[in-house]
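Coordinate inspection notes
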Amino acid sequence: MTNGWTLDDMPDQKGRTAVVTGANSGIGYVTSRELARRGARVVLACRDETRGRAAEDLLRQQVPGADVRLARLDLADLASVRSFAAELPEERLDLLIDNAGVMALPRRRTVDGFEMQFGTNHLGHFALTGLLLPRMRDAGYGARVVVVSSFMHVMGTVDPRDPQLDRGYRRWIAYARSKSANLLFVHELARRLAADGSPVVAAAAHPGFAATGLQTAGVRLEGRQRTERVVAGATRLVAQTAEHGALPTLYAATAEGVRQDDFIGPGGPLMRGAPARSPRAPWTRDDVASAGLWRLSERLTGVRYGWPAGV
């Protein structure tokens, strides 16, 4: 499919505007940097303004003349999501990269009371996409929504009877379900865009096993310093870099031939290699499940998609 696609194959992005969530580090930072390097105007959507400002400064050093700016966005707070969308001055948006996420945290709640991983990884991005999608209508051919999921989605799908694991919380299952939710969301969004005849493409990507800092976030919150050091060391030995991990996202966002509901990941063994269409659990293509999650997400977030209307 990709013939060893690399950054050298990435098309020119001049005249395009992108929003990248979680742009201050890891895959989000690399994605933002490379889009800016190819000429895109990039909005760095970050929760922590101090870390976001440091990332913006570094990006400007690495890409002189980059057209980037920082905007605060906390996906775990729906008021922040609404403020970000309302205050975004760009009237046209070509790329929305729903990248930010949390992994395997101890039980936490968002500002709005949702389980943190489901609330941040899925509901925050569902709301953000719904609020920004009308700006992509005029961008026409080439406009894309890319949602970053994980190969670990295969550990579990969303249980409509207990979507937030209120009956019993297990951190890795919660993470897997949030990543399945990402894929179900893309599946339903792609179906609605296709039914509307829209040229906007909704696709998903995953980085394989990449060293991004997500792996140690949960144990760091619990103050388990020894475990954090062990996990960090093992990750450095086994995982690929964030630069390589960002390739599937960049491919999904810019390469020709990306189709509705594609899932792009590393095509090589051990979750490494050039971007390729990735296997996915069959439940992530279930029309009934995706429509049910969409209705639940609208109810929980209060965001209803005015366009496309869907069928």
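Residues numbered from 1 in each chain as written. Predicted model: local features only at pLDDT ≥ 70, side-chain atom pairs only at ≥ 80, totals over all residues. Heavy atoms only, no water.

Before going further, it helps to examine the confidence of the model for the protein chain. Chain-level statistics for the protein chain give a pLDDT mean of 90 and a share of 88% at 70 or above. Low confidence marks residues 215–220, where pLDDT is under 50. Its contacts with residues over four positions away, or in another chain, come to 19 contacts. Here residues 227–235 is modelled with pLDDT under 50, and outside its nearest four sequence neighbours on either side it reaches 10 contacts, counting other chains as well. (pLDDT = per-residue confidence, 0-100. Contact = heavy atoms within 4.5 Å.)

Okay, the environment of Val-68 next. Tracing the backbone through its elements, the reader meets Val-68 in strand β3 (residues 68–72). With relative accessibility at 4%, the residue Val-68 sits in the buried group. Along the sequence, Val-68 and Val-43 sit 25 residues apart, while their C-alpha atoms lie 5.8 Å from each other. The residues contacting Val-68, other than those within four sequence positions of it, are Ala-36, Val-42, Glu-56, Leu-59 and Arg-60. (Helix = DSSP H or I, 4+ residues; strand = E, 2+ residues; numbered from the N terminus. Buried < 20%, exposed > 50% of the residue type's maximum accessible area, 1.4 Å probe, protein only.)

So, on to helix α5 (residues 171–196). Taking 1.5 Å of rise per residue, the 26 residues of α5 would be expected to cover 38 Å, and the 37 Å separating its terminal C-alpha atoms lies within 8% of that figure. Counting buried positions along α5 gives 20 out of 26 residues, so the element sits mostly inside the fold. Positive phi shows up at Gly-197, right after α5, with a value of about 75°. (Expected span 1.5 Å × (residues − 1).)

Once that is clear, we can look at the nonpolar core. Counting residues in each nonpolar core, the largest one holds 46 residues, and the members touching the most others are Phe-84 and Leu-189. Looking at this core, the elements that each hand over two or more residues are β2 (41–46), α3 (78–87), α4 (116–132), β5 (144–148), α5, β6 (201–205) and α10 (287–301). Tallying contributions element by element places α5 first for this core, with 8 residues. Sequence-distant contacts of Leu-189, defined by excluding residues within four places in its chain, comprise Thr-129, Leu-133, Val-145, Ala-202, Trp-294 and Tyr-305. In terms of nonpolar packing, the next biggest core, distinct from the first, is built from 36 residues, Ala-18, Ala-36, Ala-55 and Ala-203 among them. (Core = buried A, V, L, I, M, F, W, Y, C linked by side-chain atoms within 4.5 Å.)

Residue position: Ser-149 is located in the loop between β5 and α5. Accessibility expressed as a relative area gives 3% for Ser-149, which makes it buried. Within polar-contact distance, the side chain of Ser-149 engages the backbone oxygen of Lys-179 at 2.9 Å. (Polar contact = N/O pair within 3.5 Å; in protein donor to acceptor, adjacent residues only side chain to side chain.)

It is worth spelling out the packing of α3 against α4 at this point. Look at α3 against α4: their axes get within 10 Å of each other, and the N-to-C directions meet at 25°. When the axis of α3 is compared with that of α4, the two are roughly parallel. Handedness of the α3/α4 crossing: right-handed. Here α3 contributes Leu-78, Val-81, Arg-82, Phe-84 and Ala-85 to the contact with α4, which in turn contributes Gly-124, Ala-127, Leu-128, Leu-131 and Leu-132. A breakdown of the residues in the contact of α3 with α4 according to their chemical character gives 8 nonpolar, 1 polar and 1 charged. (Axes fitted to C-alpha atoms, helices over the stretch in contact; angles between N-to-C directions. Parallel < 35°, antiparallel > 145°, perpendicular 65-115°, else oblique. Left-handed = near helix turned anticlockwise from the far one by under 90°. Nonpolar A, V, L, I, M, F, W, Y, C, P; charged D, E, K, R; others polar.)

Attention now goes to the pattern of salt bridges. Counted according to the given criterion, the structure contains 20 salt bridges. Here Arg-38 ties to Glu-34 by a salt bridge, and the two come within 3.4 Å at their closest N and O atoms. A single burial state applies to Arg-38 and to Glu-34, both of which are buried. Salt-bridge contacts for Arg-277 lead to Asp-262; the nearest nitrogen and oxygen are separated by 2.9 Å. You can see Arg-277 sitting in strand β8 (residues 275–277) and its partner Asp-262 sitting in the loop between α9 (247–254) and β7 (263–266), a full 15 residues away along the chain. (Salt bridge = Lys/Arg side-chain N within 4 Å of Asp/Glu carboxyl O.)

So, on to unusual backbone geometry. Following Trp-307, the chain continues into Pro-308 via a peptide bond in cis, with omega recorded as -10°. With phi around 70°, Asp-261 is a residue other than glycine that occupies positive phi space. Turning to its location among the elements, Asp-261 is positioned in the loop between α9 and β7.

We now examine the side chain of Gln-117. Within the secondary structure, Gln-117 is located in helix α4. Of the residues examined, Gln-117 reaches a relative accessible area of 0% and is grouped as buried. A distance of 2.8 Å separates a polar atom in the side chain of Gln-117 from a polar atom in the side chain of Tyr-169. Apart from residues no more than four positions distant in its own chain, Gln-117 is found in contact with Val-102, Met-103, Ala-104, Leu-105, His-122, Tyr-169, Arg-171, Ala-174, Tyr-175 and Ser-178.

Next up on the list: the pairing of strand β4 (residues 95–98). Of the two faces of β4, both are covered, the one formed by Leu-95 and Ile-97 as well as the one formed by Leu-96 and Asp-98. As paired strands, strand β1 (residues 17–21) and β4 are joined by 3 bridges and run parallel to one another. Bridging across to β4, Ala-18 finds its partner in Leu-95. Where β4 and β5 come together, 4 bridges link them in parallel fashion. Its bridge partner lying in β5, Ile-97 is registered against Val-146. For the crossover from β4 across α4 to β5, the handedness is right-handed. (Pairing = 2+ DSSP bridges. Right-handed = clockwise from strand over helix to strand, strands pointing away.)

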